[in-house]
Amino acid sequence: MSSETEIRPFRVDVPEEEVAELRRRIAATRWPEQETVTDDSQGVRLAMMQELARYWGTGYDWRKCEARLNDLPQFMTEIDGLGIHFIHVRSQHEDALPLIVTHGWPGSIIEQLKIIEPLTNPTAHGASAADAFHLVIPSLPGHGFSAKPTTTGWDPVRIARAWVVLMKRLGYNRFVAQGGDWGAAVTQQMGIQAAPELLGIHSNMPGTAPADITKGFERGDPPPPGLSAEELRAYEQLSSFYAKHVAYALIMATRPQTLYGLADSPADLAAFMLDHGDGTGQPGLVEKALEGTLQSALTRDDLLDNITMYWLTNTGVSAARLYWENKADFFNAKNISIPFAITVFPDELYRAPRSWAERAYPHNLLYFNQADQGGHFAAWEQPDIFSAEMRAAFRSLR
């Protein structure tokens, strides 16, 4: 390989002084006064943030996460002039299906760590060797250990093309792709581009909304007549999202450079990331995770692993620029003709109705299922359910 296409091993090695400086800044946080309400309607509550900061600054151990990452095969390679970091775990089953999984915001490769074993080693998790995957998990540009773009243009369209280059560089001439959140935007762009090597895609946050109603829920218009109960629920969920929960995205989409606090204050970075909404209301979900009462695999250390990675790589602002770069809607139906599999998790931003999915993808809806548990961070929250969905969704493409 030339130096431009070389794939280089990568290890995480954060200097101890950077970890110490993080703790110092946490301890030096200047806190605002308490919110004037008794719920999270004004944002992430002071008591929760102070308790999280207390543990983050005195009890949390970044080195455990670092060791976990370094136990995995990590690599760097340059694509279109940008260094891309990725995890690449090949299954022991040689006939495994290559799968590229893309994270979102405020996530990272940390989101996908729990699905690596179940997907690459299915026989150890009660599944068949015939359902094994070779797994590729890249860090989005400007996120984690990938390089930060120094010029404009790294939008989901360009990232989608880069992921095809990555998979082909790894020697895969037939593969599938999966994503939620930004991962959904990138994966659906891959579906639109329809590279001949791409057999099909899966999303847990699919674009299915009919074009004639998309602007309505974005503006907060009353629902149109004739919607089924399932469609009405989805319309109201999306209307509520745009009315109450999209402010974080608007500031990043319009003024990402203004968010200097994400680079200067660990407390600001954590609060901004924890306020990202899903179908259950994000601060509440986080609070349950911090208390250990959430009915999922998501833990306090999981959350802090992810936030700490953003802090140590100083990617709060560079990650925000992806919102500025993006020009496409998230939730409307896309011009995708290749096989498209969908799993609806009950606590996602919206529950995509089967009727919308079938209308959007009448000839290529490969798989549609409604899971019993899970939300916006499905692979993180419910790794066993998520892994089972991947096996079922792509089984017919092997």
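To be clear, the structure that these remarks concern was listed above.
Note that residues are indexed from 1 along each chain, following the sequence as it is written. Owing to the predicted nature of the model, reporting of local features is limited to residues with pLDDT of at least 70; listing and counting of side-chain atom pairs is limited to 80 or more, with chain, interface and lining totals taken over all residues. With hydrogens and water excluded, all non-hydrogen atoms of the structure serve as input to the side-chain values.

Q: Mind laying out the sheet that holds strand S2 (residues 74-79), listing which residues take part and the relevant values?
A: What makes two strands pair is DSSP finding at least two bridges between them. Strands are runs of DSSP state E lasting at least 2 residues, helices are runs of H or I lasting at least 4, and numbering of each runs from the N terminus. One open sheet holds the nine strands; their spatial order is S1-S2-S3-S5-S4-S6-S7-S8-S9, and the pairing between them is mixed. For this open sheet the edge positions go to strand S1 (7-9) and strand S9 (365-370), each flanked by a neighbour on one side alone. Strand-to-strand twist across the sheet, computed as the mean angle between neighbouring axes with direction ignored, equals 25°. In terms of strand pairing, strand S4 (residues 97-102) meets strand S6 (residues 175-179) through four bridges, oriented parallel. As a rule, the C-alpha atoms of each element are fitted with a line to give its axis, helices using only the stretch in contact, and angles between N-to-C directions run from 0 to 180 degrees.

Q: Would you mind going over unusual backbone geometry in detail, with residue names and values included?
A: For the peptide bond that leads from Trp105 to Pro106, omega is 5°, which places it in the cis range. Note on placement: Pro106 falls in the loop between S4 and helix H4 (116-120). Of note in the backbone geometry, Asp80 takes a positive phi value of approximately 55° without being a glycine.

Q: Please set out the nonpolar core residue by residue, giving values where relevant.
A: Put simply, buried Ala, Val, Leu, Ile, Met, Phe, Trp, Tyr and Cys residues joined by side-chain atoms within 4.5 Å make one nonpolar core. Only protein chains enter the calculation, and the probe is 1.4 Å; a residue is then buried if its accessible area is under 20% of its type maximum, exposed if over 50%, and partly exposed in between. Trp62, Leu69, Trp105, Trp163, Met190 and Phe331 are the most contacted members of the largest nonpolar core, which has 120 residues in total. Contact between two residues is taken to exist if any of their heavy atoms lie within 4.5 Å; hydrogens are not considered. Beyond its immediate chain neighbours, meaning those up to four positions away, Trp163 contacts Ile84, Ile100, Thr102, Pro138, Ser139, Leu140, Pro141, Val186 and Met190.

Q: Could you give me a rundown of the pairing of strand S8 (residues 340-344), with the residues and numbers involved?
A: Of all the five residues making up S8, five are buried; the element is thus mostly covered by neighbouring parts of the structure. Covered by surrounding structure in S8 are Phe340, Ile342 and Val344 together with Ala341 and Thr343, the residues of both alternating faces. Note that strand S7 (residues 198-203) and S8 share three bridges and pair parallel. Bridging from a neighbouring strand, Ile201 pairs with Phe340 of S8. As defined by bridge partners, S8 adjoins S9 across five bridges and the pair is classed as parallel. Within the sheet, the bridge partner assigned to Phe340 lies in S9 and is Leu365. Handedness of the crossover joining S8 and S9 through helix H15 (residues 354-360) is recorded here as right-handed. Note on handedness: a clockwise path from strand one over the helix to strand two, with the strands aimed away from the viewer, defines a right-handed crossover.

Q: Mind laying out the layout of surface pockets, listing which residues take part and the relevant values?
A: A water-sized probe, rolled over the atoms, reveals where empty space remains. With a 1 Å grid spanning the protein atoms alone, the term cavity applies to any set of points in which a 1.4 Å probe fits but cannot get out, the term pocket to an open set with protein on both sides within 12 Å along at least five of seven lines, and the term lining residue to any residue with an atom within 4 Å of a point. Grid points are joined across faces, edges and corners, and a volume is the space filled by probe spheres set on the points. Here the largest pocket is characterised by a volume of approximately 520 Å³. Lining the largest pocket are 23 residues, and of these Trp31, Pro32, Ala267, Asp268 and Ala271 sit closest to its centre. Contributions of two or more residues to the lining of the largest pocket are made by helix H2 (46-58) and helix H11 (266-274). Per element, the largest residue contribution to the lining of the largest pocket is five residues, and it comes from H11. Looking at the lining of the largest pocket, its residues break down into 11 nonpolar, four polar and eight charged. Reported here for the second largest pocket is a volume of approximately 370 Å³. Lining the second largest pocket are 22 residues, with Val246, Ala249, Tyr323, Asn326 and Phe330 positioned closest to its centre. Where the lining of the second largest pocket is concerned, the elements lending two or more residues are helix H7 (211-219), helix H8 (229-245) and helix H9 (247-254). The biggest single contributor to the lining of the second largest pocket is H9, with four residues. Across the lining of the second largest pocket, the residue classes break down as 14 nonpolar, three polar and five charged. Ten residue types, Ala, Val, Leu, Ile, Met, Phe, Trp, Tyr, Cys and Pro, are classed as nonpolar, four, Asp, Glu, Lys and Arg, as charged, and the remainder, Gly among them, as polar.

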